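Commentary on secondary and tertiary structure
The lines below spell out each chain.
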Amino acid sequence: MSETRSDGELLRAAADGDRRAFEELYRRFAPWLTARLRGRCADAGVVDDVVQETFLAIWRGKARYREDGDVAGWLWRIGSRRLVDSLRGDGARGRLRQALARLRHRDEASAEERVLAGVEHGDLAGALVRLSPELRAVLQATVIDGLTTREAAVVLGIPPGTVKTRAMRARKQLREALA
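Let me begin by describing the structure that accompanies this report. (Residues numbered from 1 in each chain as written. Predicted model: local features only at pLDDT ≥ 70, side-chain atom pairs only at ≥ 80, totals over all residues. Heavy atoms only, no water.)

1. Remarks on the overall build of the chain
In terms of regular secondary structure, the chain is built from 10 helices and 0 strands. Mapped from its N terminus to its C terminus, the chain presents α and β elements in the order α-α-α-α-α-α-α-α-α-α. For the chain, with 179 residues in total, the buried portion stands at 41%. In the chain, 62% of the contacts between residues at least 6 apart in sequence involve partners at least 24 apart. For the chain, the accessible area works out to roughly 10,300 Å², and carbon and sulfur atoms hold 48% of it. (Helix = DSSP H or I, 4+ residues; strand = E, 2+ residues; numbered from the N terminus. Buried < 20%, exposed > 50% of the residue type's maximum accessible area, 1.4 Å probe, protein only. Contact = heavy atoms within 4.5 Å. Areas by Shrake-Rupley, 256 points an atom, 1.4 Å probe, with all protein chains shown as cover.)

Next up, the structure:
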């Protein structure tokens, strides 16, 4: 029988790289944080990005818990600040646009560039709808949220090899749909 760790113990272990602690922390708090943030922002995509960025800050060690309050309040402070940043354009989508702007010197447009072009020209919605939910989730995590394969694997709860395979399939299908 396993012992249930406190929120603080989970948070400290997750910040130290304990994947299981991170997953448990995410299961405990992501739905709650999502619900609270959706009370502040009607765009579910932005809220999902912010929740992921909040937990990634913990995983990457960029956010440190000082043990001077409850974990939920601490997560709320991080999430609400990231929501404000995202709404100002400093979030993952803004960083993705900047990164893609630096890649414009390539001969052939990448799948990501075609996706963003589709946003501007209106054909992205149809292409994304045709992707399976699994492929869309990997695309969201790796392209829109800018997660590494390892980070996406943790957040999505699948092996890194599966993330790579699904990302490759999603890019291929989008390339074909947007051509």
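2. Here we look at the packing of aromatic side chains
Tallied over the full model, the rule gives 3 aromatic pairs. In this structure an aromatic cluster arises from ring pairing among Phe22, Tyr26 and Phe55. Across the ring face of Trp76, the terminal group of Arg36 is positioned such that the distance to the ring centre comes to 4.0 Å. (Phe/Tyr/Trp six-rings, centres within 6.5 Å; stacked < 30°, edge-to-face > 60°. Lys NZ or Arg CZ within 6 Å of the ring centre and 35° of its normal.)

3. A closer look at the packing of helix H8 (residues 133-144) against helix H10 (residues 160-178)
Between H8 and H10, whose axes approach to 9 Å, the crossing angle comes to 100°. One finds that H8 runs roughly perpendicular with respect to H10. Counting all contacts with H8, which are made through Glu134, Leu135, Val138, Leu139, Thr142 and Val143, the residues of H10 involved are Val163, Arg166, Ala167, Arg169, Ala170, Arg171, Gln173 and Leu174. Taken together, the residues of the contact of H8 with H10 sort by class into 8 nonpolar, 2 polar and 4 charged. (Axes fitted to C-alpha atoms, helices over the stretch in contact; angles between N-to-C directions. Parallel < 35°, antiparallel > 145°, perpendicular 65-115°, else oblique. Nonpolar A, V, L, I, M, F, W, Y, C, P; charged D, E, K, R; others polar.)

4. Observations regarding the packing of helix H9 (residues 149-156) against H10
The contact between H9 and H10 brings their axes to 8 Å, and the two run at 105°. By the criterion of interaxial angle, the relationship of H9 to H10 is roughly perpendicular. Each of Thr149, Ala152 and Ala153 in H9 lies in contact with H10, whose residues at this interface are Pro160, Val163 and Lys164.

5. Concerning the nonpolar core
By size, the foremost hydrophobic cluster in this structure holds 27 residues, and its most contacted members are Leu25, Phe29, Leu37, Val51, Phe55, Ile58 and Leu75. Among the elements of the structure, helix H1 (7-15), helix H2 (19-38), helix H3 (44-59) and helix H4 (71-87) are those that each provide at least two residues to this core. Discounting chain neighbours no more than four positions away, the residues touching Leu25 are Asp7, Leu10, Leu11, Ala14, Ala30, Phe55, Ile58 and Val71. Counting 10 residues, the second largest nonpolar core, distinct from the first, contains Leu147, Val155, Ile158 and Ala167. (Core = buried A, V, L, I, M, F, W, Y, C linked by side-chain atoms within 4.5 Å.)

6. Some words on the environment of Gly79
Looking at where Gly79 falls in the secondary structure, it is placed in helix H4. Sequence-distant contacts of Gly79, defined by excluding residues within four places in its chain, comprise Leu37, Val50 and Thr54.

7. Focus: the pattern of salt bridges
Under the counting rule described, the total for this entry stands at 7 salt bridges. Among the ionic pairs, Arg27 bridges to Glu24, the shortest N-O distance being 3.2 Å. Taken together, the positions of Arg27 and Glu24, both in helix H2 and 3 residues apart, correspond to about one turn of that helix. In this structure Arg27 comes out as exposed when scored by relative accessible area, which is 53%. (Salt bridge = Lys/Arg side-chain N within 4 Å of Asp/Glu carboxyl O.)

8. A few points about H10
Here H10 is 19 residues long and its end C-alpha atoms lie 27 Å apart, about the 27 Å a rise of 1.5 Å per residue gives. Restricting attention to buried positions, one finds in H10 the residues Val163, Ala167, Ala170, Leu174 and Leu178. Seen from one end, H10 has its buried residues packed into an arc of 70°, which puts them on one side. Opposite the packed face of H10, turned more than 90 degrees from it, sit the exposed residues Lys164, Met168 and Glu176. (Expected span 1.5 Å × (residues − 1). Arc of directions from axis to C-beta.)

Purely spatial values, then, with no claim about function.
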